[in-house]
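Here is what each chain is made of, one letter per residue.
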Protein chains: 2
Amino acid sequence: MSNAIDTRTALLAEAETLVRTLGYAAFSYGDLSERVGIRKASIHHHFSTKEVLGNALIENYLERFRAQLAELSASGGAATKQLRAYGDFFSGSLAEGQMPLCGALAADAAYLPPSMQKRVKAFFELHVDWLETVLRNGAANGEITLFAPPKRSALLLLSTLQGASVVAWALKDPSVIKPVFRQLLDSISRNDA
Amino acid sequence: MSNAIDTRTALLAEAETLVRTLGYAAFSYGDLSERVGIRKASIHHHFSTKEVLGNALIENYLERFRAQLAELSASGGAATKQLRAYGDFFSGSLAEGQMPLCGALAADAAYLPPSMQKRVKAFFELHVDWLETVLRNGAANGEITLFAPPKRSALLLLSTLQGASVVAWALKDPSVIKPVFRQLLDSISRNDA
DNA sequence: TTGACGCTACCTACCAGTAGGTAGGGCGTC
DNA sequence: GACGCCCTACCTACTGGTAGGTAGCGTCAA
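Within every chain, residues take consecutive numbers counted from 1 along the sequence as written. By the order in which they are written, chains take letters starting at A while ligands take numbers starting at 1. Under the rules for a predicted model, residues below a pLDDT of 70 receive no local features and side-chain atom pairs below 80 are neither given nor counted, while totals for whole chains, interfaces and linings still include all residues. Excluding hydrogens and water, the side-chain figures rest on all heavy atoms present in the structure.

Enquirer: How do you make sense of the relation of the copies chain A and chain B when you look at a structure like this?
Expert: The two chain copies are connected by a rotation around an axis plus a translation along it. At an RMSD of 0.1 Å, chain A and chain B line up after a rotation of 180° and a shift of 0.1 Å along the axis. What the superposition gives is, in effect, a two-fold axis relating one chain to the other. Among all C-alpha atoms of chain A, that of glycine 163 of chain A lies closest to the rotation axis, at 1.7 Å. Superposition of the copies used a least-squares fit over C-alpha atoms from residues whose pLDDT is at least 70 in both.

Here's what the structure looks like:
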């Protein structure tokens, strides 16, 4: 096992927690070097610029999320169960004191380099697509009856989870997210199962 | 009319648009001085530190919002009409290319000085309280029937608007916010009017 | 003539990023 | 098996630039 891969992984992990607690603009190579235990300049060996690091961060996060969503889909559970599990991703990370990565990034979006903006956008599109598919399937097999087009309902679900994270973060009360999302799930469709 | 008040007002206005487009961490006294047309150092005459400016910003915003909400309440319109107007605040400002101020601030919350965190929190509490009152009144006078406790429904409405702003911002598509909120309004209650 | 207001000039701290060097592992060649 | 060579990984020392903030002077209106 190469030392370099360990360092790279550690850098990504620490950078992610920094972004998700302080925001992208507010963390520095200096902070990062202290936490990982190498010098500031050495970070440039692994990530030539902060933009490169930022993009690696999103890509890594997106890949993990994609895997989790695929796993969820593959489990073949009921749509409502999958959606509940999806919501738990958000409430879980927030309970650990971390904002969702792309929620944290989206707020500073105008300040981010275009390459990162594109990836943040792609991240949200992945989520909307996944949600839409789950909703559409649930409706198709008669499990649920949607009160609105799947795409719009998907946007609603994503928006509420992102927003609940922000509100919970500001109120310093992570417990708000779960009942709010639960209520929304009950509201957007009738469960016919 | 004093010149100083004009300058102060201009500083607040420009600072607000900067925060709402770039974020708090990403805007500087340098940016601000260019836009207002006085030197960087002169800003300190009006706002001794950035933290003082930040707090004035929130207070100013909160006061304007409080007035608008009070006006809305006083108009005595139906609950659903008031809520729709409330939603228009968000979609309106987003269409002008601005994030909601406290949404933008909340994302960087951990980086903000405690005095600002407190005010952001107070801002959200004001909104939840207003929404809760409107919902409760609407339910009391038989106009709507809520499917959940008013407080939880209020949190849901606020979360969704904040989140839809973030998502719309990241997707660079301000049009998502309106149909999403419209659908949510239809979902959380039955309109008996 | 005092005080509000804005200025120039400056400070310290920190930022991302660069220059250039060192320690040591892998590897082919003689 | 020792030599030369390139590589990765990290270092110290530094750059230009920018951040927020300070000191003190000029000006002009009340």
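Enquirer: For this particular structure, what's the right way to read unusual backbone geometry?
Expert: Both trends apply: most residues other than glycine have a negative phi, and most peptide bonds are in trans. At lysine 172 of chain A, a position not held by glycine, the phi torsion is positive, near 55°. Think of it this way: any DSSP run of H or I at least four residues long counts as a helix, any run of E at least two long counts as a strand, and we number them from the N terminus. If you trace the backbone, lysine 172 of chain A turns up in the loop between helix H8 (150–171) and helix H9 (177–188).

Enquirer: How do you make sense of the packing of aromatic side chains when you look at a structure like this?
Expert: Two aromatic rings, taken as a pair, are described by how far apart their centres are and by the angle between their planes. Residues and elements named next belong to chain A. A pair of aromatic rings is counted whenever rings of Phe, Tyr or Trp (Trp by its six-membered ring) have centres within 6.5 Å, and the orientation is called stacked for planes under 30 degrees apart, edge-to-face for over 60 and tilted otherwise. The tally for this structure, following the rule as stated, stands at 22 aromatic pairs over all chains. By way of ring pairs, the aromatic residues Tyr61, Phe65, Tyr86, Phe89, Phe90, Phe123, Phe124 and Trp130 are connected into one cluster. In this analysis the charged atom, NZ for Lys or CZ for Arg, is taken to sit over a ring once it is within 6 Å of the ring centre and within 35 degrees of the ring normal. A cation sits over an aromatic face here: lysine 50 above phenylalanine 27, 4.8 Å from the ring centre.

Enquirer: What should I look at first to understand the pattern of salt bridges in this one?
Expert: Pairing is possible between side chains that carry opposite charge, provided their charged atoms lie close to one another. A side-chain nitrogen of Lys or Arg and a carboxyl oxygen of Asp or Glu constitute a salt bridge if their distance falls within 4 Å. In total, this model carries 14 salt bridges over all chains according to the counting rule given. For the salt bridge of glutamate 16 of chain A with arginine 64 of chain A, the shortest nitrogen-to-oxygen distance reads 2.9 Å. Of this pair, glutamate 16 of chain A sits in helix H1 (residues 3–22) while arginine 64 of chain A is found in helix H4 (residues 50–75), placing the two residues 48 residues apart along the sequence. Note that glutamate 63 of chain B is salt-bridged to arginine 66 of chain B, the shortest N-O span being 3.5 Å. Residue glutamate 63 of chain B and its partner arginine 66 of chain B are both found in helix H4 (residues 50–74); the two are separated by three residues, about one turn of the helix. Classification of arginine 66 of chain B by relative accessible area gives partly exposed; the value is 39%. Connected through salt bridges with shared partners, the residues Glu16, Arg20 and Arg64 of chain A form a single ionic network. For the exposure calls, accessible area comes from a 1.4 Å probe over protein chains only, and a residue counts as buried if that area is under 20% of its type's maximum, exposed if over 50%, partly exposed in between.

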